[in-house]
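If you want the building blocks of each chain, they are given just below.
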Amino acid sequence: MSKIVYIILAVIVVTVAVVAIVFLNSGTDKTDFHYEASNTKLDELHSFISRDPIPGDALATATISEPINLIPAISSDSASHDVTSYIYNGLVKYNKNLELVGDLASSWEISDDKKEITFHLRKDVKWHDGKPFTAKDVEFTYRFMIDNLTPTSYDADFRLVDSFEVIDNYTVKVRYKTLFSPALNSWGIWMMPQHLLDGKLVTQSALQRNPIGTGPYKLLSWSEGDSIHLAVNEDYFESKPFLERIIFRVIPDTATSFLELLNGSIDTMSLSAMQATKQTDMKRYKENYNTYSYLDSSYTYVGFNLRRAPFDNQTLRKALSYATPKKDIITGILFDRAEESTGPYKTDTIWYNKNVERYDYNPEKAKALLKELGYEDSDNDGFLDKKGKKFEFEILINQGNKVRSQIAEILQRAYKDIGIDVTIRVVEWSTFLSENINKGRFSVIVMGWNIVQDPDLFDVWHSSRCDGNGLNFICYKNDEVDKLLIEGRETYDVAQRQVIYNKIQELIADDAPYIFLYTPYANIALNKRFKNIEPAPAGLKHNLINWYVRKLEQKYYFKQ
Amino acid sequence: MLKYIIKRLISMFPILIGITIISFFVMHLAPGDTVTIQQSLNPKYSETAREKFVKMYNLDQPIYKQYLIWLKKFATLDFGDSFSSDGRKVIDKIGDRLPITLGLNIISMILIFIIALPLGVLSAYYRNSIFDKTVTIIVFIGFAIPMFWLALMCMYFFGIVLGWLPISGLTSYNFDSLTLTGKIADVIKHITLPIAITVFGGIASISRFGRTSTLEVLGQDYIMSARARGVSEKTILFRYALKNAMLPIVTILGLSIPGLIGSSVIFESVFSIPGMGQLFYQSVMMRDYPTVMGILVIGSLLTLIGNLIADIAYAYIDPRIRYS
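Everything numeric here is computed off the predicted structure, so don't read it as measured data.

Even after reading the chapter, I still don't get the overall build of chain B, so can you show me in this structure?
Each helix and strand counted, chain B has 13 helices and 0 strands in total. When the helices and strands of chain B are placed in sequence order, the string is α-α-α-α-α-α-α-α-α-α-α-α-α. Judged by the C-alpha coordinates and their principal axes, chain B covers about 85 × 60 × 40 Å. For chain B, buried positions account for 48% of its 324 residues. Surface summary for chain B: the accessible area is close to 16200 Å², and the carbon and sulfur share equals 71%. A distance of 8 Å separates the average location of the 28 positive side-chain charges in chain B from that of its 19 negative side-chain charges.

Structural data, given as structure tokens:
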């Protein structure tokens, strides 16, 4: 070969060498991530050995997309709410056992007619800019939520308020037009600073990117599309958190997040069932991470369009429920990282009623029920038919959810075993919502719901929510359930509500409008250096302000 | 020449308007809308909110009116505000991200040309030799491997097993506290993998083009006569053959700009690079019409300019085009 080849080879070698030199000169090795060098003094020595919680270090976590707006009332994406959960507080919150307790309110009273709530506020709370938090801020937040110029989606609960009264600097009184027990938890809404927002157009407020709240952390920096850094709020009213910073890195791809976790660049992430069971069985993971599991607040179900024949038939829905192999779905798709569900509540909460009709896999029973309805394989083609028409239907799912498409495939197979011909159609999310769900153009769907803390099920199950864009898009109608749903909304007493919602679960299970499939486990990977972790029904982060890292294990240092 | 350029520049306007009309209407043909997606089956979403947002975004107007509203703003170079809840100016959103995507793609493009052209020319010159065959095999492997898979494998190998390179992102956490050289080194470290993989995947087409067009030129009469006159092989290849072989490649360059933005989507997700591809994908999924339109207009503008530059370069290289 001629000289040219050698010249090119030489150019390549030189380029590689230059790049290598740049790398070596940069001199930082992988473990050297700290912002500032640690400056240990002798008198700090005791903290090395001490097991008492000490301040320092940071928690780095991944978010799948960039937060859009850090005024939580006007953002609807989960990434924004993840970040703002550290920055803002409400008057009330759910504790680790998902019981409603005071947050910015120290106590509250409910009047005898149950239509009036009086909140007593904490007097030791300051906004991040040092101004005190008072009843004026609560009043402003209420007016802000019902203001038509506020582009918020969460105003419904506040429009039910009849009157709002500031009694004194630290007491407010809210009166409702009708009895409405979910009202109390609606005051978990993020309190907004009156002195910064009053009289200004929120859509132009600087707070959208530089939030001022009352929470344990405040915004330190935000670099577009890359990361968000939160710094500890020294004056946090509960107690100053030990971890100095919270870092959110925007990583859209979960496979990449997992590699960043193994690499140590992020400390925690939520693992998929596949990652939690099949990809964490390696030394590198086991040495550095713990996996915490708790029941996630969601369930996945198969829904029938009750407006359409033959799904308007209760016996047919029961037959399909019996023909559904829930165990295969949980084992095969979720690697046993889920619990079978029988209703719309988490199995570890007080609202769950286990004494409802269960539909354990029983294809023979399913066939028998279908035979009762007149479905038989009269032409011997392997599929059931009735009046000369083959029994077939379509399962509709949204694109981009692998678990749901796998469920649809298992159902297709299982229903074929009892002689039903099922096809699967996948539709892009936005189209799925506007063309299929909202217009009622579907037969059978596989979907999921988040389970909120208040047991109120009105929006999903009340017959009035079947029209328009209501969430009862399968159009479930049961007069008794309707009545109980309203009763449940008007009852504050937990024991009484339990009775009501237990009955509702029994009625729904008997009607079988959904096949309740499972509630998945959340699998949280967390670096072992974090101490004081306390898994609870509410998850892990309920006591984040108490997390700490021992001096020797601290990874990031910050200049004071 | 100047007249030619001015003529081309003026003819760009009707094309651009045409593109905006088609884009706008096609975009609205896709079912679903911003408000439905924001609502996303959230039980807390109030009844009145939907109406409020539909009005706010002018979605209650007929489509042609929505287009006219958009066009009127566009005439004053205002791309409007994004529909996503940050409500930021579209131009700011794009401005944050365009330099990253453009920068990375230009670097990769230059590297692809530096590597692929000599490879192509040499494989043509030494055609059917072991060198040619090896290059062909390697180049086709690069062409055939799914890039996201290769990216994940390389991230695992270089980022975790060897620990040489960071896995994703553009900068480290401590970026702000680094010195200038440290910052440069940090960025170089972060972009090495994404660029190396883009280049590996992009070499195939350019080097194949280079090979084919060189082969074609080498077979022509004037090369044979140059050989007959005893001109050295080096001069033949680089002075006579290369210039003509370059012609089709210039065209490819001009046409590759829309592809750059399109192919960035998967790439920027895997490597979590905050670029245009990511923004475009999210905007389409969210039906954020102003942002989608903004990106389409800027993308088509870049394509038109790219074509213009290619044509000018073409005219410069090939006199036959200049005078016709």
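Even after reading the chapter, I still don't get the pairing of strand E18 (residues 421-427) of chain A, so can you show me in this structure?
A regular strand places its side chains on the two faces of the sheet in alternate fashion. Residue and element names in this part refer to chain A. The pairing of strand E17 (residues 392-398) with E18 spans 7 bridges and is classified as parallel. Its bridge partner being in E18, Asn398 is matched across the sheet by Val427. In this view, the connection linking E17 to its parallel neighbour E18 by way of helix H13 (residues 402-417) has right-handed handedness.

Would you mind showing me how to read the pattern of salt bridges here?
Pairing is possible between side chains that carry opposite charge, provided their charged atoms lie close to one another. Residue and element names in this part refer to chain A. Summed over all chains, the structure comprises 39 salt bridges over all chains. Between Arg358 and Asp360 there is a salt bridge, and its shortest N-O distance comes to 3.8 Å. A residue is classified by how much of its surface remains accessible, and Arg358, at 36% relative accessible area, is partly exposed. Notably, a salt bridge pairs Glu364 with Lys367, separated by 4.0 Å at the nearest N-O pair. Of this pair, Glu364 and Lys367 both sit in helix H12 (residues 363-372), 3 residues apart, which is roughly one turn of the helix.

For this particular structure, what's the right way to read helix H5 (residues 90-125) of chain B?
Since one α-helical turn is 3.6 residues long, residues separated by three or four positions face the same way. For H5 of chain B, spanning 36 residues, the distance from its first C-alpha to its last is 50 Å, which sits close to the expected 52 Å at 1.5 Å a residue. The sharpest bend along H5 of chain B reaches about 30° and sits at Arg97 of chain B, with the proline Pro99 of chain B one to four residues further on.

Just checking my understanding: could you explain a nonpolar patch on the surface for this structure?
Residue and element names in this part refer to chain B. Together, Ile17, Ile21, Ile22, Phe25, Val26, Leu29, Ile63, Tyr64 and Leu68 give the surface a local cluster of nonpolar side chains, amounting to about 830 Å² of exposed area. Sorting the residues of the nonpolar patch by element identifies helix H1 (2-29) and helix H4 (63-75) as the ones contributing at least two each. With 6 residues, H1 is the largest single contributor of residues to the nonpolar patch. Its location among the elements puts Ile21 in helix H1.

I would appreciate a short explanation of the environment of Tyr142 of chain A in the present structure.
Residues and elements named next belong to chain A. Note on placement: Tyr142 falls in helix H4 (residues 135-146). For Tyr142, a relative accessible area of 7% gives the class buried. Put simply, Tyr142 and Thr491 are 349 residues apart on the chain and 23 Å apart in space, counted from C-alpha to C-alpha. Residue contacts for Tyr142: discarding those within four places in its chain leaves Phe158, Val161, Phe164 and Trp187.

In this structure, what is going on with the packing of aromatic side chains? I would like to understand it.
The geometry of two aromatic rings is summed up by the distance between their centres and the angle between their planes. Residues and elements named next belong to chain A. What the rule picks out here adds up to 46 aromatic pairs over all chains. Relative to Phe391, the ring of Tyr375 lies with its centre 4.5 Å away and its plane at 20°, an arrangement referred to as stacked. Linking Tyr375 in the loop between H12 and strand E15 (385-386) with Phe391 in the loop between strand E16 (389-390) and E17, this pair joins segments that are 16 residues apart in sequence. Just as Tyr375 is buried, Phe391 falls in that class too. Connected via pairs of aromatic rings, a cluster forms that spans Tyr299, Tyr301, Phe442, Trp449, Trp461, Phe473, Tyr476, Tyr514 and Phe516.

Which parts of the structure should I look at to understand the nonpolar core?
In globular proteins that are soluble, nonpolar side chains generally tend to be buried together. Of all hydrophobic cores here, the largest spans 71 residues; its most connected members are Leu370, Phe393 and Trp461 of chain A. Phe393 of chain A has contacts with Phe311, Leu320, Tyr415, Ile420, Asp421, Val422, Thr423 and Val444 of chain A, leaving out every residue within four places of it along the chain.

Help me understand the sheet that holds strand E5 (residues 116-121) of chain A in this model?
The strands that make up a sheet pair up through hydrogen bonds in the backbone, lying either parallel or antiparallel. Residues and elements named next belong to chain A. Pairing in this open sheet of 4 strands is antiparallel, and the strands run E4-E5-E7-E6 from one edge to the other. One side of each edge strand has no neighbouring strand; the edge strands of this open sheet are strand E4 (105-110) and strand E6 (161-168). Looking at each pair of strands side by side, their axes are set apart by 20° on average, direction ignored. The pairing of E4 with E5 spans 5 bridges and is antiparallel. Paired with Glu109 across the two strands is Thr118, which belongs to E5. Set on the sheet, H4 makes contact with E5, E6 and strand E7 (171-176); between it and E6 the angle comes to about 165°.

Where do I start with the confidence of the model for chain A in this structure?
Atom-level detail of predicted coordinates should not be read off regions where pLDDT is low. Taken over all residues, the pLDDT of chain A has a mean of 87, while the share at 70 or more is 91%. In this model, residues 22-40 of chain A is a region of pLDDT below 50 whose contacts with residues beyond four sequence positions or in other chains number 35 contacts.

Explain the state of the cysteines to me, please; I cannot follow it from the model alone.
Each disulfide is one covalent bond, formed between the sulfur atoms of two cysteines. Residue and element names in this part refer to chain A. Under the defined criterion, the tally for this structure stands at 1 disulfide over all chains. Paired by a disulfide, Cys466 and Cys475 hold their sulfur atoms 1.8 Å apart. With the S-S bond torsion at -60°, the cross-link from Cys466 to Cys475 turns out left-handed. Each member of the pair, Cys466 together with Cys475, is buried.

Whenever I open this one, the packing of helix H16 (residues 479-489) of chain A against helix H17 (residues 494-511) of chain A confuses me. Can you help?
For any two helices packed against each other, the geometry comes down to the angle between their axes and how far apart the axes lie. All names here are of chain A. Relative orientation of the contacting elements H16 and H17 amounts to 155°, with a least axis distance of 9 Å. With respect to H17, the element H16 is oriented roughly antiparallel. Considering the relative orientation of H16 and H17, their crossing is left-handed. Mapping the contact onto sequence places Glu480, Val481, Leu484, Leu485, Glu487, Gly488 and Arg489 in H16 and Arg497, Ile500, Tyr501, Lys503, Ile504 and Leu507 in H17. The residue makeup of the contact of H16 with H17, split by class, is 7 nonpolar, 1 polar and 5 charged.

Teacher, can you tell me more about the environment of Asn353 of chain A here?
Residues and elements named next belong to chain A. Looking at the secondary structure, you find Asn353 in the loop between strand E14 (338-340) and H12. The class for Asn353 is buried, based on a relative accessible area of 5%. The sequence separation of Asn353 and Phe442 amounts to 89 residues, and the corresponding C-alpha distance is 30 Å. Each residue touching Asn353, except ones within four places of it in the same chain, is listed here: Thr342, Asn502, Gln505 and Glu506. From its side chain, Asn353 meets the backbone nitrogen of Asn355 in a polar contact 2.9 Å long. Within polar-contact distance, the side chain of Asn353 engages the side chain of Glu506 at 3.1 Å.

Can you help me understand the interface of chain B and chain A in this one?
Taken together, the 61 residues of chain B in the interface contact 70 residues of chain A. For the pairing of chain B and chain A, the buried interface totals around 5400 Å² over both sides, and the portion due to carbon and sulfur atoms is 60%. For the interface between chain B and chain A, the tally reads 4 salt bridges. A salt bridge links Arg88 of chain B to Glu224 of chain A; its shortest N-O distance comes to 3.2 Å. Linking chain B with chain A are 7 residue pairs in polar contact (both at pLDDT 80 or more). Those elements giving two or more residues to the side of chain B that touches chain A turn out to be helix H2 (34-39), helix H3 (47-56), H5, helix H7 (147-161), helix H8 (180-218), helix H10 (233-270) and helix H11 (276-286) of chain B. Here the element with the most residues in the side of chain B that touches chain A is H3 of chain B; it accounts for 7 residues. Tallied by class, residues from the side of chain B that touches chain A come to 26 nonpolar, 22 polar and 13 charged.

Thresholds, definitions, all that
- Residues numbered from 1 in each chain as written.
- Chains lettered and ligands numbered in written order.
- Predicted model: local features only at pLDDT ≥ 70, side-chain atom pairs only at ≥ 80, totals over all residues.
- Heavy atoms only, no water.
- Helix = DSSP H or I, 4+ residues; strand = E, 2+ residues; numbered from the N terminus.
- Buried < 20%, exposed > 50% of the residue type's maximum accessible area, 1.4 Å probe, protein only.
- Areas by Shrake-Rupley, 256 points an atom, 1.4 Å probe, with all protein chains shown as cover.
- Lys, Arg positive; Asp, Glu negative; His and termini not counted.
- Charge placed at Lys NZ, Arg CZ, Asp CG, Glu CD.
- Pairing = 2+ DSSP bridges.
- Right-handed = clockwise from strand over helix to strand, strands pointing away.
- Salt bridge = Lys/Arg side-chain N within 4 Å of Asp/Glu carboxyl O.
- Expected span 1.5 Å × (residues − 1).
- Bend = angle between axes of the 7 residues up to and from the residue.
- Patch = residues over 30% accessible without salt bridge, like charges linked within 9 Å, V, L, I, M, F, W, Y side chains within 5 Å.
- Contact = heavy atoms within 4.5 Å.
- Phe/Tyr/Trp six-rings, centres within 6.5 Å; stacked < 30°, edge-to-face > 60°.
- Core = buried A, V, L, I, M, F, W, Y, C linked by side-chain atoms within 4.5 Å.
- Axes fitted to C-alpha atoms, helices over the stretch in contact; angles between N-to-C directions.
- pLDDT = per-residue confidence, 0-100.
- Disulfide = S-S within 2.5 Å.
- Parallel < 35°, antiparallel > 145°, perpendicular 65-115°, else oblique.
- Left-handed = near helix turned anticlockwise from the far one by under 90°.
- Nonpolar A, V, L, I, M, F, W, Y, C, P; charged D, E, K, R; others polar.
- Polar contact = N/O pair within 3.5 Å; in protein donor to acceptor, adjacent residues only side chain to side chain.
- Buried area = accessible area lost by both parts, 1.4 Å probe.

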